[in-house]
Amino acid sequence: MTPKNFTNIRQSKQQKSDPFPRINGILMILICFMTLYPVWYSVVISFNDGQDALLGGIYWWPRIFSIESYRAMFSHQGILQAFLISIFRTVAGTATHLLFTAMVAYAFLQTRLIGRKAYMTIGVITMFFNGGLIPTFLLVKNLGLIDNLLVYLFPSMFNFFHLIIFQAFFREIPKSLEESAMMDGMNDFGIFVRIILPLSAPVMATIALFQGVWHWNDFFIGIIYVNEMELQPVATYLYRVIAQNQSSQMMVNMPASISRNAVTSQSIKMATMVAATFPIVLVYPFLQKYFVKGLLVGSIKG
Amino acid sequence: MKDKKSSISSHSLSRQKALQAMALPGLLWMLIFNYIPMYGVIIAFKEFRIFHTINGAPWVGFIHFQEIFRDADFFAAMKNTLGMSVLKLTIGFPLPIIFALMLNEIRSRGFKRWVQTISYLPHFLSWVVLGGIMITWFSENGFVNELLLRMGIISNPIAFLGQPQGFWLLAVLSETWKEMGWGAIIYLAAISGIAPELYEAAVVDGANRFQKMWYITLPSIAGTITILLILAISGILNTNFEQMLVLNNPLNHEASNVIDLYVYRIGIRGLRFSYSTAVGLFKAIIALVLLLGANGLSKKVQGRSLF
């Protein structure tokens, strides 16, 4: 009895005088603050009068509230076009990737598939080796995908890591469902479309978010394979504005209705950045739930 | 039963037409988009010009690889790559582990979930946006200078991203900021798998919080740490290409020109396809050696390895 009592007393003493939980909690809040503040700051500046923002001293809230930067952005033909391209590649690119990768994953999973071992080995090799930047570039060029919208679809249509995540999920679907469908004379494609796909919402959501976020954020395909400004997604557009200092371009072709004093190239840049991030933040609650699941499945299997 | 036994015959192949029709497009995609570029690596041993086909270009042997060793720009890029990678290993690798350990000590589940959710938000933001924020914050009339001037730490504004000094640290810290919360997920999952009996036994033995961390939590997740460390070491010649693309500018180029960026510059912009492919291949070979080396070392020392 005595040792147990002893530890109990020790514990309660510890809890009373122990500063650790408080310090730890404060540190965690600090980390959250450091994570959120830069994002919040950008939002604040984007909603502040452009000229006034140049004076500095704005930290928590817009000093002179203004939505002129957003109006300027949404009346700018180039930026609007870039948003349309982003939406196109995110929706179409994600949809084709999902259906194609899921279909191949299902086929590669069937033990009766003749040549299954070879298929899987060929796939596994792609996880460890790749041709690198230049040979890939030459391939895409030879396929005629330069300055072609299809460059957003084909090269990213399949991914062996995602195939593995799909397969991990498909394995959990009871075999009896497929067997009874096969008895009814349904072929493999029919089973995949009518039985497997409707049951796969969670894994579809996971991969859709992976691929969707990648499509939305990716700017490299736009840099390397697309020269025409009208075909570039908003991420690439921002890259050109930010890294190549072309922000003055944003001030060109602005309609007369926008007050020139309220808008600077800096403030339109901020507004475009915030607008380009908004869809991500919007889906974030779903995102993080499914992403964590996908990440863990991927890391266990991979 | 009969079906399974005769699975190699052409009869059964014709019976799985639909299945093969679903599998073959995947094979075809991999052959085109993975294997043709892998084959294309042979241009590292050729003198490939834009008007050549890959097979038609003349062989030149190891000329490009010999050139790498005489290329001062390559060594400068190598130095920047290694410098940032070593910094990343010392700062960016342990921080997610420490963060996971600290987060694990939070009692309130709701608070814990909030902190975690917020901590991996930056992972989902594009480097273009974060780079844009950084360029604004660290510019001469940006937020950081404003703060430092006001606090009297500096008397003249510093163009942080407009100079090579301090670029490595800035790049590594910003990447750590972006990925710390995300990196902690895998450790938190490993921690949650530890049997609670271990902690109960330790409490009976009078272990305090830090002793429990040191003697139970850390050894229990050592396997996960080892695997991620092996991967990190094999990736030592990889830099965050997107980050470098955004943050690199002529003024900090001396410190920000990394191998990936160098390959991109001389290959895509400079059209030196063969030479840049050779540099890329050289880098990939070093990475493979590092991976096998780290894996072998860990097998010997710890008895744990990736494969």
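Parameters at a glance
- Residues numbered from 1 in each chain as written.
- Chains lettered and ligands numbered in written order.
- Predicted model: local features only at pLDDT ≥ 70, side-chain atom pairs only at ≥ 80, totals over all residues.
- Helix = DSSP H or I, 4+ residues; strand = E, 2+ residues; numbered from the N terminus.
- Buried ≥ 20, exposed ≤ 12 C-beta atoms within 10 Å, placed from the backbone.
- Contact = placed C-beta atoms within 7 Å.
- Rg over C-alpha atoms; globule rule 2.2 N^0.38 Å.
- pLDDT = per-residue confidence, 0-100.
- Nonpolar A, V, L, I, M, F, W, Y, C, P; charged D, E, K, R; others polar.
- Axes fitted to C-alpha atoms, helices over the stretch in contact; angles between N-to-C directions.
- Parallel < 35°, antiparallel > 145°, perpendicular 65-115°, else oblique.
- Left-handed = near helix turned anticlockwise from the far one by under 90°.
- Domains from an automatic or database assignment.
- Core = buried A, V, L, I, M, F, W, Y, C linked by C-beta atoms within 7 Å.

1. Focus: the overall build of chain A
Thought 1: Scanning chain A from N- to C-terminus turns up 14 helices and zero strands.
Thought 2: Traced from its N-terminal end to its C-terminal end, chain A shows the element sequence α-α-α-α-α-α-α-α-α-α-α-α-α-α.
Thought 3: Scored against the burial criterion, the 302 residues of chain A give a buried share of 37%.
Thought 4: Sequence-distant contacts in chain A: of pairs separated by 6 or more residues, those separated by 24 or more amount to 74%.

2. Quick word on the overall build of chain B
Thought 1: Tallying secondary structure elements over chain B gives 17 helices and zero strands in all.
Thought 2: Relative to a compact globule of 307 residues, whose C-alpha radius of gyration would be 19 Å, chain B shows 25 Å and is clearly more extended.
Thought 3: In terms of overall dimensions, chain B has C-alpha extents of about 70 × 65 × 40 Å along its principal axes.
Thought 4: Out of the 307 residues belonging to chain B, those deemed buried represent 34%.

3. What about the confidence of the model for chain A?
Thought 1: Summarising the model, chain A shows a mean pLDDT of 86, and 85% of its residues fall at 70 or more.
Thought 2: Confidence, read as mean pLDDT per element, is least for helix α1 (residues 2-17) of chain A in chain A (50) and greatest for helix α5 (residues 77-109) of chain A (95).

4. So, the interface of chain A and chain B
Thought 1: In this assembly, 67 residues from chain A lie in contact with 64 residues from chain B.
Thought 2: Residues of the side of chain A that touches chain B, tallied by class, amount to 46 nonpolar, 18 polar and three charged.

5. A few points about helix α11 (residues 196-204) of chain B
Thought 1: By the criterion of burial, α11(B) is predominantly exposed, with just zero of the nine residues buried.
Thought 2: Count one or two residues on from α11(B) and you reach G206(B), which has phi positive near 85°.

6. Re the packing of helix α2 (residues 20-46) of chain A against helix α7 (residues 109-119) of chain B
Thought 1: Relative to each other, α2(A) and α7(B) sit at 30°, their axes nearing to 9 Å. Considered as vectors, α2(A) and α7(B) are oriented roughly parallel to each other. Remark: the crossing between α2(A) and α7(B) carries left-handed chirality. Touching M28(A), I31(A), C32(A), T35(A) and L36(A) of α2(A) are V115(B), I118(B) and S119(B), all from α7(B).
Thought 2: Among the residues making up the contact of α2(A) with α7(B), the classes are represented as six nonpolar, two polar and no charged.

7. Let's talk about the domain arrangement of chain B
Residues and elements named next belong to chain B.
Thought 1: Examined at the domain level, chain B breaks down into domain 1 (1-61) and domain 2 (62-302).
Thought 2: For domain 1 and domain 2, the distance between their C-alpha centroids amounts to 36 Å.
Thought 3: Each partner contributes to the interface: domain 1 provides nine residues, whereas domain 2 provides nine residues.
Thought 4: Residues that form the side of domain 1 that touches domain 2 fall into these classes: six nonpolar, one polar and two charged.

8. What about unusual backbone geometry?
Thought 1: Phi is positive for D147(A), close to 55°, though the residue is something other than glycine.
Thought 2: Position of D147(A) among the secondary structure elements: in the loop between α7 (133-142) and α8 (160-170).
Thought 3: Positive phi values are uncommon outside glycine, yet L271(B) reaches one of about 60°.
Thought 4: Note that L271(B) resides in the loop between α16 (259-269) and α17 (273-302).
Thought 5: Owing to 11 C-beta atoms within 10 Å, L271(B) belongs among the exposed residues under this scheme.

9. Things to note about helix α13 (residues 234-243) of chain A
Thought 1: With nine of 10 residues buried, α13(A) is to be regarded as a mostly interior element.
Thought 2: Inspection of α13(A) places V234(A), A235(A), T236(A), Y237(A), L238(A), Y239(A), R240(A), V241(A) and I242(A) among the buried residues, and these make up the whole buried set.

10. Quick notes on the nonpolar core
Thought 1: In terms of nonpolar packing, the biggest core is built from 124 residues, with V104(A), Y106(A), A107(A), F166(A), L238(A) and V128(B) touching the most fellow members.
Thought 2: Element by element, the count of residues in this core is highest for α5(A), at 11 residues.
Thought 3: When sequence neighbours within four positions are dropped, the list of residues in contact with Y106(A) reads F170(A), F192(A), I196(A) and M22(B).

11. Considerations on the packing of helix α5 (residues 72-92) of chain B against helix α10 (residues 167-192) of chain B
How two helices sit against one another is set out by the angle between their axes and by the gap between those axes.
Residue and element names in this part refer to chain B.
Thought 1: Put simply, α5 and α10 touch, their axes get as near as 9 Å, and they point 45° apart. In this view, α5 runs oblique relative to α10, as classed from their interaxial angle. When you trace α5 past α10, the crossing you get is right-handed. On α10, the residues that touch G83, M84, L87, K88, I91 and G92 of α5 are W168, L169, A171, V172, E175 and T176.

12. A short note on the environment of P250(B)
Thought 1: With respect to the element layout, P250(B) can be found in the loop between α14 (241-247) and α15 (253-256).
Thought 2: Each C-alpha atom of the pair P250(B) and Q163(B) lies 9.0 Å from the other, and the pair is 87 residues apart in sequence.

13. Observations concerning the environment of M244(B)
Thought 1: Mapped onto the secondary structure, M244(B) falls in helix α14.
Thought 2: Not counting the four nearest positions on each side in its chain, M244(B) is found in contact with T239(B), S256(B), V258(B), D260(B) and L261(B).

14. Some points on the environment of F210(A)
Residues and elements named next belong to chain A.
Thought 1: Along the chain, F210 turns up in helix α11 (residues 201-217).
Thought 2: The exposure class of F210 is buried, given the 23 C-beta atoms found within 10 Å.
Thought 3: It is 30 Å that separates the C-alpha atoms of F210 and G115, two residues lying 95 residues apart in sequence.

15. Points about the confidence of the model for chain B
Residues and elements named next belong to chain B.
Thought 1: Averaged over chain B, the pLDDT score is 89; the fraction of residues at 70 or greater is 96%.
Thought 2: Of the regions scoring below 50 in pLDDT, residues 1-7 engages in six contacts with residues more than four places distant in sequence or in other chains.
Thought 3: Here the predicted complex scores 0.88 on pTM and 0.87 on ipTM.

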